[in-house]
Amino acid sequence: MSDHSLYEEEASGRRVSKEDENRESSIGPETSLLDNREEHYGSLKKVSEWKNGSDFDHDAEIEKLMLEGKRARDSEEEDVVRRKLDYRVMIWACTMFFSLQLVRNNIQNAISADFLIDANIPPNTYNLGQTLFLLFFLLSEIPSQTFVRRFGAEIWLPILMTFWAIISIFQIFIKGSSLFLFTRAVIGACEGGFVPGLTFYLSSFYKANELSMRYSWIWATQSGTNVIGALLASGFIQIGGPLRGWQWLYMLEGIIATIIGVSSFFVMPSLRHKVVSRVFTARETAILRARVVQDDPSKRNQQERVKFRSNSILTSLRAVIEALTDKFLLPIYILGLVAFVPSQTANYYLTITLRQLGFAETVTNLLTIPYAVINISMTVGFSKLSDKFGVRWIFCLISAVWVFGPQLLLEIIPDGSSRWLRFAMITLILGYPYYHPILMSWISSNANNSDRRSLAFAIYNISVQCGNIIAANVYRESDAPYYHRGNGVLIGLNVLSMIIILAIRQYYIVENRRREKLWGQMDEDQKAEYAKLSKGLGNKQLFFKLKV
């Protein structure tokens with residue numbers, strides 16, 4: 001049987017249910033199967049109506065812009081909308097991420113202020129607490145995405161933020177192991193679902209060729225928060241008075257996080273509402289919605305609330321399994337598992353390595369600044385280039401090659417080499433273009449389904465966190481201070497990352513060619529029939545081109 005016949009059989013066997021018919025179509029103007037766009041998009045609604053828990057149904061204005069094509073707006077109007085989005089959405093998204101990192105990292109600063117001693121926390125209990133934090137962090141990622149789809153990111157994320165902020169303040173009462181373990185588990189559970197929820201939320205506002213750079217701003221905030229958090233901690237710890245330094249730290253940083261969390265209920269724009277934000281005119285609001293849907297039609301109803309039903313648990317479990325085994329996203333999950341282990345290992349052991357090389361404590365702290373500056377500029381720059389050229393793989397590959405060179409030199413230079421040379425190699429490794437934002441954007445582009453996109457973000461982030469666990473165990477005490485065995489492992493993982501990147505590229509190219517061949521063998525009637533029957537196929541649709 002020919003490939004053509006196989007796909008005809010597949011199409012005829014996938015008779016969509018009534019529920020599938022209500023899902024978003026994955027065909028936009030640039031991939032329309034019919035000459036008559038009005039027939040493809042459906043007749044325009046004459047009046048707007050209340051629908052699906054949203055304040056207003058904007059299908060009419062979106063479809064009107066789609067039917068008008070490029071004449072519906074000019075590039076200057078779209079530039080204005082994009083700049084307002086950056087001002088109104090991205091600045092606050094970075095502020096929210098600042099809250100996450102502030103609370104996530106304040107335990108390290110508290111330890112320097114004798115938190116473990118004062119609170120009677122033994123080292124083994126501290127290690128257990130950090131393990132519980134990571135365990136609950138990972139376990140909460142996928143369930144949290146379900147709540148994002150049910151309540152909306154603009155509701156669920158502020159709830160998480162406010163809760164972890166309150167628990168952070170509550171840590172001032174820790175006097176023993178039980179309360180410490182409880183707070184670590186709760187904070188981990190709250191923070192675990194935040195990153196995939198935030199990235200999913202941002203993907204609703206931006207086109208595919210705009211996301212990498214916006215995501216890079218989020219992770220640039222991480223480096224900035226580390227610096228700001230250290231400065232805040234140095235001041236809070238010195239306050240004195242009725243509380244210990246670590247108690248002031250937990251309380252005041254918790255208050256800052258609480259203010260951000262509560263404010264987010266009122267500040268976060270929502271596509272569910274008729275007025276997304278007062279900074280947009282009515283026409284700009286329509287353009288805001290239409291530009292994203294035209295770029296990726298699977299985002300059409302991405303922020304609509306998904307109601308819980310009697311079979312929701314079974315349906316959600318099936319959706320998770322399908323997202324986990326998606327053969328076009330699975331390679332990116334695997335890449336996320338191994339790609340950042342070399343750099344994360346260097347990050348974990350940076351201060352330890354510098355101290356072992358004989359640098360004083362003050363000098364060591366100062367030497368952590370250069371790599372952060374390089375990393376921020378390179379990450380944002382590479383992400384912007386990835387968006388500009390619409391290509392993902394080459395910038396991921398260059399980033400991996402960037403790490404490979406200094407990692408190899410660390411392994412082969414003599415043990416007695418200058419400590420400044422080793423510092424330079426480590427700085428180059430950590431200053432590489434962090435391509436995590438590019439991979440997030442790659443997943444968003446190739447999901448082609450709102451539910452799949454939401455779950456894929458969570459699964460990918462779990463993969464990255466599991467890679468961080470690997471990174472924490474590569475260097476062993478018996479291998480100090482030059483860690484030759486560990487560096488050998490990291491070099492191998494780096495080479496593996498490069499192989500995976502090239503394999504993903506080739507895989508997508510071959511698959512796209514196969515789809516084009518099969519698509520070209522169909523006549524217009526067959527294409528139209530296939531389009532009607534393939535709405536549930538997502539990124540497996542023949543007319544969907546995987547982004548490389």
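Keep in mind that this is a model prediction, so the values were computed, not measured. (Residues numbered from 1 in each chain as written. Predicted model: local features only at pLDDT ≥ 70, side-chain atom pairs only at ≥ 80, totals over all residues. Heavy atoms only, no water.)

Within the protein, the secondary structure is distributed over 25 helices and zero strands. Counting every position in the protein, which comprises 548 residues, the buried fraction comes to 54%. Looking at the protein alone, contacts between residues at least 24 apart form 82% of all its contacts between residues at least 6 apart. Carbon and sulfur atoms make up 61% of the accessible area of the protein, which amounts to about 24,300 Å² in all. (Helix = DSSP H or I, 4+ residues; strand = E, 2+ residues; numbered from the N terminus. Buried < 20%, exposed > 50% of the residue type's maximum accessible area, 1.4 Å probe, protein only. Contact = heavy atoms within 4.5 Å. Areas by Shrake-Rupley, 256 points an atom, 1.4 Å probe, with all protein chains shown as cover.)

Time to look at the side chain of Asp326. Position of Asp326 among the secondary structure elements: in the loop between α14 (312-324) and α15 (330-338). Reaching out from Asp326, the side chain makes a polar contact with the side chain of Arg452 at a distance of 2.7 Å. The contact partners of Asp326, leaving out residues within four places of it in the chain, are Arg452 and Asn539. (Polar contact = N/O pair within 3.5 Å; in protein donor to acceptor, adjacent residues only side chain to side chain.)

It is the contact of helix α16 (residues 341-348) with helix α23 (residues 450-471), at a shortest axis distance of 8 Å, that shows an interaxial angle of 55°. It follows from the interaxial angle that α16 and α23 lie oblique. As α16 runs across α23, the sense of the crossing is right-handed. In this structure, α16 contributes Val341, Gln344, Thr345 and Tyr348 to the contact, and α23 contributes Gly467, Asn468, Ile470 and Ala471. Considered class by class, the residues forming the contact of α16 with α23 number four nonpolar, four polar and no charged. (Axes fitted to C-alpha atoms, helices over the stretch in contact; angles between N-to-C directions. Parallel < 35°, antiparallel > 145°, perpendicular 65-115°, else oblique. Left-handed = near helix turned anticlockwise from the far one by under 90°. Nonpolar A, V, L, I, M, F, W, Y, C, P; charged D, E, K, R; others polar.)

Next up on the list: α16. Along α16, six of the eight residues are buried, which leaves the element largely enclosed by surrounding structure. Those residues of α16 not exposed but buried are Val341, Pro342, Ser343, Gln344, Thr345 and Ala346.

Here the structure, examined in full by the defined rule, presents four cavities of 30 Å³ or more. Roughly 150 Å³ of volume is contained in the second largest cavity. As for the second largest cavity, its lining consists of 15 residues, and the residues nearest its centre are Thr353, Leu410, Ile426, Tyr475 and Asn487. Ranked by residue count, the leading element in the lining of the second largest cavity is helix α21 (residues 419-430), at three residues. Of the residues belonging to the lining of the second largest cavity, the class tally is eleven nonpolar, three polar and one charged. (1 Å grid on protein atoms, 1.4 Å probe; cavity = no way out; pocket = protein on both sides within 12 Å on 5 of 7 lines; lining within 4 Å. Points joined across faces, edges and corners; volume = space filled by probe spheres on them.)

With that out of the way, let us pick up a nonpolar patch on the surface. Taken together, the side chains of Phe147, Phe151, Ile155, Ile159, Val262, Phe265 and Phe266 define a hydrophobic patch exposed on the protein surface, amounting to about 600 Å² of accessible area. Those elements giving two or more residues to the nonpolar patch turn out to be α7 (123-151), α8 (153-170) and α12 (245-267). Ranked by residue count, the leading element in the nonpolar patch is α12, at three residues. Looking at the secondary structure, you find Phe147 in helix α7. (Patch = residues over 30% accessible without salt bridge, like charges linked within 9 Å, V, L, I, M, F, W, Y side chains within 5 Å. Salt bridge = Lys/Arg side-chain N within 4 Å of Asp/Glu carboxyl O.)

Attention now moves to the nonpolar core. By size, the foremost hydrophobic cluster in this structure holds 110 residues, and its most contacted members are Trp164, Phe194, Leu198 and Tyr435. Ranked by the residues each element gives to this core, the list is headed by helix α5 (residues 75-112), at 13 residues. Excluding residues within four positions of it along the chain, Leu198 makes contact with Ala93, Met96, Phe97, Leu157 and Ile218. Ala113, Leu181, Trp246 and Leu249 belong to the second largest nonpolar core, which has 19 residues in total. (Core = buried A, V, L, I, M, F, W, Y, C linked by side-chain atoms within 4.5 Å.)

Attention now moves to unusual backbone geometry. Backbone torsion omega between Ala480 and Pro481 reads 0°, so that peptide bond is classified as cis. Following the sequence through the fold, Pro481 ends up in the loop between α23 and α24 (484-520). Even without being a glycine, Asn448 presents a positive backbone phi close to 55°. Note on placement: Asn448 falls in the loop between α22 (436-447) and α23. One non-glycine residue, Tyr483, lies in positive phi territory at about 50°. Topologically, Tyr483 is positioned in the loop between α23 and α24.

Glancing now at the environment of Ala233. Secondary-structure assignment places Ala233 in helix α11 (residues 208-236). The residues touching Ala233, leaving out its near neighbours within four places in the chain, are Asn109, Leu249 and Glu253.

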